[in-house]
Amino acid sequence: MEPAQKDRTPFSDIDGLSAQMSEIVLDALTEMGRHPEIQRVRRTAFDMLGPAAGERLLDAGSGSGEVARLLAARVGPAGEVLAVDHSSAITAAAVSRHDGSAVSYLTGDAAALAMPDDHVDGVWCERVLQHVDDADATIRELVRVTRPGGRICLVDTDWGSLAFDGMPSGLGEVVLAHVRGHFTPRQHDMGRTLRRRLVGAGLRNVVAAPVTCLFTSPESAAVVLPMVNPRVPEETWATPPGLRDEWLACVDAAGQSGTFLAVLTIWVVAGTKA
Ligand SMILES: C[S@@+](CC[C@H](N)C(=O)[O-])C[C@H]1O[C@@H](n2cnc3c(N)ncnc32)[C@H](O)[C@@H]1O
């Protein structure tokens, strides 16, 4: 049976984390937003959603609210962005970063939104569906709150695409097998399923773009990939004793020699409500 949401990755239940892990997760979201490869993913998503002045948009699973504030800059003072996140801790962090733009920060479940039908002109939902219990039910809810003709843009990781070079490949496979369902969600191929899910939900004009992110140093990769991040506390690793240190030593050596490489595809998919 699929484990309950809170039993999965750190992002599934941020409020249930230790203070140390919660801080790491918040820092990670902030750093990710600054990473050039994530910014490239977001540019693709902005082009697909096409936010316009005066619109009311929903950012579902809005994290620290960074994208919500970027969307607010696009919709302007006549528009509005509703930033909804499951975690009250992350919502509080988002509120503390508020810049005065037209964003309302709300705690809530993207699968059960406290909003009427057809309430928003568009939806952004980035790297959230991989963490939820039922992605299709969540998508149905996003469709419900979108007006006919409104656009829904989903962004999600395809962890099954993650590949490394520069370290012993056998070791990398063993590590990935141990961290699947732990650092990465069990639904590890969410990104590639988004197009099928939006078509299945009845959306029109569904477009999909796989954005393959390239990391050529451990430091750059560690922002997005927890399994190469030495800051992630040892006790949170699901690996047998010694394996983490052996792996991180190889990652470090590949970084020193300039041969480290990692690639990860993040999908951007959008469709229009009929
Ligand atoms: C990887 S973070 C992405 C945050 C933000 N979208 C971004 O790209 O920076 C995943 C976010 O989804 C939120 N989340 C997880 N399950 C959720 C749910 N059922 N409803 C709303 N938010 C959820 C988490 O609290 C977390 O802030």
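Residues numbered from 1 in each chain as written. Predicted model: local features only at pLDDT ≥ 70, side-chain atom pairs only at ≥ 80, totals over all residues. Heavy atoms only, no water.

**Some remarks on the sheet that holds strand E7 (residues 261-272)**
Stage number 1. Here we have seven strands laid out as an open sheet, ordered E3-E2-E1-E4-E5-E7-E6, and mixed in their pairing. The sheet terminates laterally at strand E3 (103-107) and strand E6 (204-215), the two strands that pair on one side only. Between one strand axis and the next, the sheet turns through 15° on average, direction left out of account.
Stage number 2. Where E6 and E7 come together, ten bridges link them in antiparallel fashion. Note that in E7 the partner of Val 207 across the bridge is Ala 270.
Stage number 3. With respect to the sheet, helix H5 (residues 135-145) is in contact with strand E1 (56-60), strand E4 (120-126) and strand E5 (146-165), its orientation differing from that of E5 by roughly 150°. (Pairing = 2+ DSSP bridges. Helix = DSSP H or I, 4+ residues; strand = E, 2+ residues; numbered from the N terminus. Axes fitted to C-alpha atoms, helices over the stretch in contact; angles between N-to-C directions. Contact = heavy atoms within 4.5 Å.)

**Considerations on the nonpolar core**
Stage number 1. Within the largest apolar cluster, 54 residues are counted, with the highest numbers of intra-cluster contacts made by Phe 164, Leu 225, Trp 247 and Phe 260.
Stage number 2. Considering every element that reaches this core, the biggest residue donor is helix H2 (residues 36-49), with six residues.
Stage number 3. With near-sequence residues (within four places) excluded, Phe 164 lies in contact with Leu 176, Leu 225, Met 227, Val 228, Trp 247, Phe 260, Leu 261 and Ala 262.
Stage number 4. The next biggest cluster of nonpolar side chains, apart from the first, holds 27 residues, and it includes Met 115, Ile 139, Val 143 and Leu 198. (Core = buried A, V, L, I, M, F, W, Y, C linked by side-chain atoms within 4.5 Å. Buried < 20%, exposed > 50% of the residue type's maximum accessible area, 1.4 Å probe, protein only.)

**Regarding the state of the cysteines**
Stage number 1. Counting across every chain of the model gives zero disulfides.
Stage number 2. With no disulfide of its own, Cys 153 lies closest to Cys 125 among cysteine sulfurs, the gap being 9.4 Å.
Stage number 3. Taking relative accessible area as the criterion, Cys 153 reaches 0% and is therefore assigned buried.
Stage number 4. With no disulfide of its own, Cys 213 lies closest to Cys 153 among cysteine sulfurs, the gap being 14 Å.
Stage number 5. With relative accessibility at 1%, the residue Cys 213 sits in the buried group. (Disulfide = S-S within 2.5 Å.)

**Quick word on the environment of Ala 209**
Stage number 1. Examined against the element boundaries, Ala 209 turns out to sit in strand E6.
Stage number 2. Judged by relative accessible area, Ala 209 falls into the buried class, the value being 17%.
Stage number 3. Sequence spacing of Ala 209 and Leu 194 is 15 residues, and the spatial spacing of their C-alpha atoms is 10 Å.
Stage number 4. If we ignore the near neighbours within four places in the chain, the residues touching Ala 209 are Thr 44, Met 48, Ile 266, Trp 267 and Val 268.

**Comments concerning the UniProt feature "domain: Methyltransferase type" (unreviewed entry) in the protein chain**
Stage number 1. Mapped onto the present numbering, the UniProt feature "domain: Methyltransferase type" (unreviewed entry) falls on residues 58-153.
Stage number 2. Split by type, residues 58-153 is 31% helix and 30% strand. Its first and last C-alpha atoms lie 10 Å apart. (UniProt positions renumbered as here; feature names shortened; annotations may be inferred.)

**Points about the packing of helix H1 (residues 19-34) against H2**
In helix packing, the relevant descriptors are the interaxial angle and the interaxial distance, both defined with respect to the helix axes.
Stage number 1. In contact at an axis separation of 5 Å, H1 and H2 are set at 70° when each is read in the N-to-C sense. Taken together, the axis directions place H1 and H2 in an arrangement best described as roughly perpendicular. Contact with H1, carried on its side by Met 32, Gly 33 and Arg 34, involves Pro 36, Ile 38, Gln 39 and Arg 42 of H2 and no other residues of that element.
Stage number 2. In terms of residue class, the contact of H1 with H2 is made up of three nonpolar, two polar and two charged. (Parallel < 35°, antiparallel > 145°, perpendicular 65-115°, else oblique. Nonpolar A, V, L, I, M, F, W, Y, C, P; charged D, E, K, R; others polar.)

**Focus on helix H7 (residues 190-200)**
Residues separated by three or four positions in an α-helix point in the same direction, a consequence of the helix having 3.6 residues per turn.
Stage number 1. Of all the residues in H7, the buried ones are Met 190, Gly 191, Thr 193, Leu 194, Arg 197 and Leu 198. Relative to the axis of H7, the buried residues are bounded by an arc of 140° and lie together on one face. Exposed and facing more than 90 degrees away from the buried side of H7 are Arg 196 and Gly 200.
Stage number 2. Looking at the packing, one finds that the buried side of H7 touches H5, E5, E6 and E7. (Arc of directions from axis to C-beta.)

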